[in-house]
Amino acid sequence: MSSENLPQSPKARPEQSSELPLRKPRVAVVFGGRSSEHGISVVTAGAVLRAIDRTKYDVLPIGITTDGRWALTADDPDRMAITDRQVPNVDALAESADGGVVMPLDPGNREVVYSEPGSVPKALGDVDVVFPMLHGPYGEDGTLQGLLELSGVPYVGAGVLASAVGQDKEYMKRVFTSFGLPVGPYLVIRPREWDRDQQAARKKIAEFAGEHGWPLFIKPARGGSSMGITKVDSFEGLDEAIDEARRHDPKILIESLLRGREIECGVLEFEDGPRASVPAEIPPVQSHDYYDFEAKYIDSTPGIVPAPLTPEQTAEIQRLAVDAFEATSCEGLVRADFFLTEDGKFVINEINTMPGFTPISMYPKMWEASGVSYPELVDRLVQAALNRSTGLR
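The notes below deal with the structure included here. (Residues numbered from 1 in each chain as written. Predicted model: local features only at pLDDT ≥ 70, side-chain atom pairs only at ≥ 80, totals over all residues. Heavy atoms only, no water.)

1. Structural notes on the pairing of strand β16 (residues 346–352)
Counting buried residues along β16, 7 of its 7 residues qualify, which places the element largely inside the surrounding structure. Bridge count for strand β15 (residues 333–341) against β16 is 6 bridges, and the pairing is antiparallel. Looking at the pairing, Arg335 lines up with Asn352 of β16. Connecting β15 to the next strand, β16, in antiparallel fashion are 4 residues, including Gly344 with a positive phi near 85°. (Buried < 20%, exposed > 50% of the residue type's maximum accessible area, 1.4 Å probe, protein only. Helix = DSSP H or I, 4+ residues; strand = E, 2+ residues; numbered from the N terminus. Pairing = 2+ DSSP bridges.)

This is the structure:
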């Protein structure tokens, strides 16, 4: 790849020379990754690249391939959309099949370097803030956040602990329970437990089904985007469902069916603390038995914003959403997902520390209905990250 196509190093910081103009903050948008949610991450990043204010920020798009290579990618949101029911990938966007981007590891240095085999490494300039658009393990789960903390580079969204808790549904539910938030019945089968005695694990699931009834939802414990989830109505499909969940994560979660309405609520951190958006309702997709990946991203029907709730119900879900944000020590943003059960009670299902973030995703739509436009949302998150220190806080 010719050096002419590479982003040029920004001008020196004002403190280096009082005669140089103040440069724009540089935002590295990092997306893709090694999880099964790779494609959805690319779609999300495309929406942010399209919306971010280029008069206010310099932007550096960095994609992580499915095998973990950090690649310099085309700044081309049109190529980052779902096309013909197919999600995009970083390999198709990478400027080179071999080149790699190296993030700084020294807290005193924020310079990003690009190198290709047989070529002299090229400095791409300092990065002031990272906007991590990764979903799932190896990005949303605290791993990338830990790298950025070591590097001393500010970033958008939750920190290491909150990201890890928000990714692991078992510990998320344990934290919710400890703070008095209502959760539904669940069971966890850990990897060693399954490997040691599958029959004993099946017996635990059978006892759970005997207590709470069928159907059950078999899920990866640390996944998202509704991937790897199977609804089973009897023992007949159980092993296949377990295999599918374990294909995404060796630790699996079993949940009972909660009958009711699916309601979501966004939380955004303002200068005076976190605030909740108007809630939204996710209507059933008639062609799908439950809200799986295709129902969510391919055949989705528009969510109802705001959700048709009473003022008292709206206030209650907003309170619970902020409580979930605080309980998990989140920062920046969260989408909290609830069931409104048939007896009129809210039960929290999960939080997403980096929710779907395209303009048609529910989190931005809830905030749009609350008076914060999509470009404003992106800007507010970047500014909050720029004003927040790394390290203990």
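2. Describing the packing of aromatic side chains
What the rule picks out here adds up to 6 aromatic pairs. With 6.2 Å between their ring centres and 65° between their planes, Phe131 and Phe357 make a pair best called edge-to-face. Of the two residues, Phe131 sits in strand β7 (residues 129–132) while Phe357 sits in the loop between β16 and α11 (362–369), which places them 226 residues apart along the sequence. There is no split in this pair, since Phe131 and Phe357 are both buried. Taking the centre distance of 5.0 Å and the plane angle of 75° together, the rings of Trp214 and Phe235 count as edge-to-face. With Trp214 in the loop between α7 (198–212) and β9 (216–220) and Phe235 in the loop between β10 (230–232) and α8 (238–248), this pair connects stretches of sequence that are 21 residues apart. Counting every residue linked through ring pairs, the aromatic cluster contains Phe131, Phe357, Tyr363 and Tyr374. (Phe/Tyr/Trp six-rings, centres within 6.5 Å; stacked < 30°, edge-to-face > 60°.)

3. Regarding the sheet that holds strand β6 (residues 122–126)
Across the sheet, which stays open at both edges, the 3 strands sit in the order β4-β5-β6 with antiparallel pairing between neighbours. Either end of the sheet is taken by a strand with one partner, and the two such strands are β4 (100–102) and β6. Each adjacent strand pair in this sheet contributes to an overall mean axis angle of 25°, direction not counted. Taken together, the 4 bridges between strand β5 (residues 111–115) and β6 define a ladder with antiparallel strand orientation. Bridging across to β6, Val112 finds its partner in Gly125. (Axes fitted to C-alpha atoms, helices over the stretch in contact; angles between N-to-C directions.)

4. What about the side chain of Thr73?
As for its placement among the helices and strands, Thr73 is situated in the loop between β3 (70–72) and α2 (90–93). Residue classification places Thr73 among the buried residues on the basis of a relative accessible area of 5%. Other than its neighbours up to four places away in sequence, Thr73 contacts Phe31, Pro61, Ile62, Gly63, Val90, Leu93, Ala94 and Glu95. (Contact = heavy atoms within 4.5 Å.)

5. A short note on the pairing of β15
Extensive coverage of β15 is indicated by the burial of 9 of its 9 residues. Side-chain alternation along β15 places Leu333, Arg335, Asp337, Phe339 and Thr341 on one buried face and Val334, Ala336, Phe338 and Leu340 on a second face that is also buried. Two strands pair when backbone bridges link them, and strand β12 (residues 260–270) and β15 are joined in this way by 9 bridges, in the antiparallel orientation. Bridge assignment links Arg261 to a residue of β15, and that residue is Leu340.

6. Here's the deal with the packing of helix α4 (residues 160–167) against helix α5 (residues 169–178)
Contact geometry for α4 and α5: axes closest at 5 Å, N-to-C directions at 105°. As the angle between them shows, α4 and α5 are arranged roughly perpendicular. Facing α4, whose interface residues are Val165, Gly166 and Gln167, α5 presents Lys169, Tyr171, Met172 and Val175. In the contact of α4 with α5, the residues fall into 4 nonpolar, 2 polar and 1 charged. (Parallel < 35°, antiparallel > 145°, perpendicular 65-115°, else oblique. Nonpolar A, V, L, I, M, F, W, Y, C, P; charged D, E, K, R; others polar.)

7. A short note on α8
All of the buried residues along α8 are Leu238, Ala241, Ile242 and Ala245. Buried residues along α8 cover an arc of 100° about the axis, so they all sit on one side. Turned more than 90 degrees from where α8 packs its buried face, Glu240 and Arg247 sit exposed. (Arc of directions from axis to C-beta.)

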